[in-house]
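Summary of structural features
So the chains spell out like this:
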Amino acid sequence: VITQKHNTVKQALRNGIVTPSQEELYEEFKQRLYQLCNKYKTTTNHPFSNTTVKELNSRHGYGFALRYALSLVQTPYVC
């Protein structure tokens, strides 16, 4: 259900409001992402090598999720 406050699908998604079918597609996306990370965990020349998926226990929005992820990164390229 999209209320007047979230009158477009794009705005509703930004606020974490999804339909059951959108939620199902997102769960499928996450499972595929987990599979890719696990499949290429030990390879060296692949975009998903040395990657993991971290899920937060609740919705935090993109900015806070990114902040959390950056705190886990150990590389000279991230301050």
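Residues numbered from 1 in each chain as written. Predicted model: local features only at pLDDT ≥ 70, side-chain atom pairs only at ≥ 80, totals over all residues. Heavy atoms only, no water.

**Some points on the overall build of the protein chain**
Stated precisely, the cut-off is as follows: Only runs of H or I of at least four residues qualify as helices and only runs of E of at least two qualify as strands under DSSP, and these elements are numbered from the N terminus. Each residue gets one of three labels from its accessible area relative to the maximum for its type: buried under 20%, exposed over 50%, partly exposed in between, using a 1.4 Å probe on protein chains only. Only the protein chains shown count as cover for residues, with accessible areas throughout obtained via the Shrake-Rupley method and a probe of 1.4 Å.
When its secondary structure is counted, the protein chain shows three helices and zero strands. In the protein chain, the succession of α and β elements from N to C terminus is α-α-α. When each of the 79 residues of the protein chain is scored for burial, the buried share is 6%. When the accessible area of the protein chain is evaluated, it comes to approximately 7,200 Å², of which 55% is carbon and sulfur surface.

**Some points on the pattern of salt bridges**
Put simply, the test is: When a carboxyl oxygen of Asp or Glu lies within 4 Å of a side-chain nitrogen of Lys or Arg, that pair is called a salt bridge.
As enumerated under the stated definition, the model contains three salt bridges in all. Its salt-bridge partner being K30, residue E27 comes within 3.2 Å of it at the nearest N-O pair. Residue E27 and its partner K30 are located together in helix 2 (residues 20–39), separated by three residues, close to a single helical turn. The exposure class of E27 is partly exposed, given its relative accessible area of 34%.

**Topic: the confidence of the model for the protein chain**
Short version of the rule: Across the chain, each position has a pLDDT score giving the predictor's confidence in that residue, from 0 to 100.
For the protein chain, the average pLDDT comes to 84, and 89% of its residues sit at 70 or higher. For the protein chain, the element scoring lowest by mean pLDDT is helix 1 (residues 9–14), at 77; helix 2 scores highest, at 92.

**Considerations on the layout of surface pockets**
Quick note on the threshold: Within this scheme a cavity is a closed region of a 1 Å grid, computed over the protein atoms alone, that accommodates a 1.4 Å probe without allowing it to escape, whereas a pocket is open but has protein on both sides within 12 Å along at least five of seven lines; lining residues each have an atom within 4 Å of a point. Grid points are joined across faces, edges and corners, and a volume is the space filled by probe spheres set on the points. Side-chain classes are defined by residue name, with Ala, Val, Leu, Ile, Met, Phe, Trp, Tyr, Cys and Pro counting as nonpolar, Asp, Glu, Lys and Arg as charged, and the others, Gly among them, as polar.
Of the volumes computed, that of the largest pocket is approximately 1,300 Å³. Looking at the largest pocket, it is lined by 31 residues, and the ones nearest its centre are Y26, K54, E55, L56 and A65. At the level of secondary structure, the elements contributing two or more residues to the lining of the largest pocket comprise helix 2 and helix 3 (61–72). Per-element accounting of the lining of the largest pocket gives the leading share, eight residues, to helix 2. Here the lining of the largest pocket is built from residues that sort into 16 nonpolar, nine polar and six charged.

**With respect to the packing of aromatic side chains**
Note the threshold: Pairing of aromatic rings covers Phe, Tyr and the six-membered ring of Trp, with a centre-to-centre limit of 6.5 Å; geometry is then stacked below 30 degrees between planes, edge-to-face above 60, and tilted otherwise.
Here the structure, examined in full by the defined rule, presents one aromatic pair. Considering the side-chain rings of Y26 and F29, the 6.1 Å spacing of their centres and the 25° angle between planes classify their relative orientation as stacked. With Y26 and F29 both in helix 2 and three residues apart, this pair spans about one turn of that helix.

**Re the side chain of S49**
Threshold: Whenever a nitrogen or oxygen atom comes within 3.5 Å of another N or O atom, the pair is scored as a polar contact, on the condition that within protein one atom can donate a hydrogen and the other can accept it, and that pairs from neighbouring residues in sequence are kept only if both atoms are in side chains. Here, residues are in contact when the closest pair of their heavy atoms is within 4.5 Å.
Checked against the element boundaries, S49 lands in the loop between helix 2 and helix 3. Under the relative-accessibility criterion, S49 is labelled buried at 15%. At 2.8 Å, the side chain of S49 forms a polar contact with the backbone oxygen of H46. For S49, the contacting residues outside a window of four places in its chain are Y40, T43 and T44.

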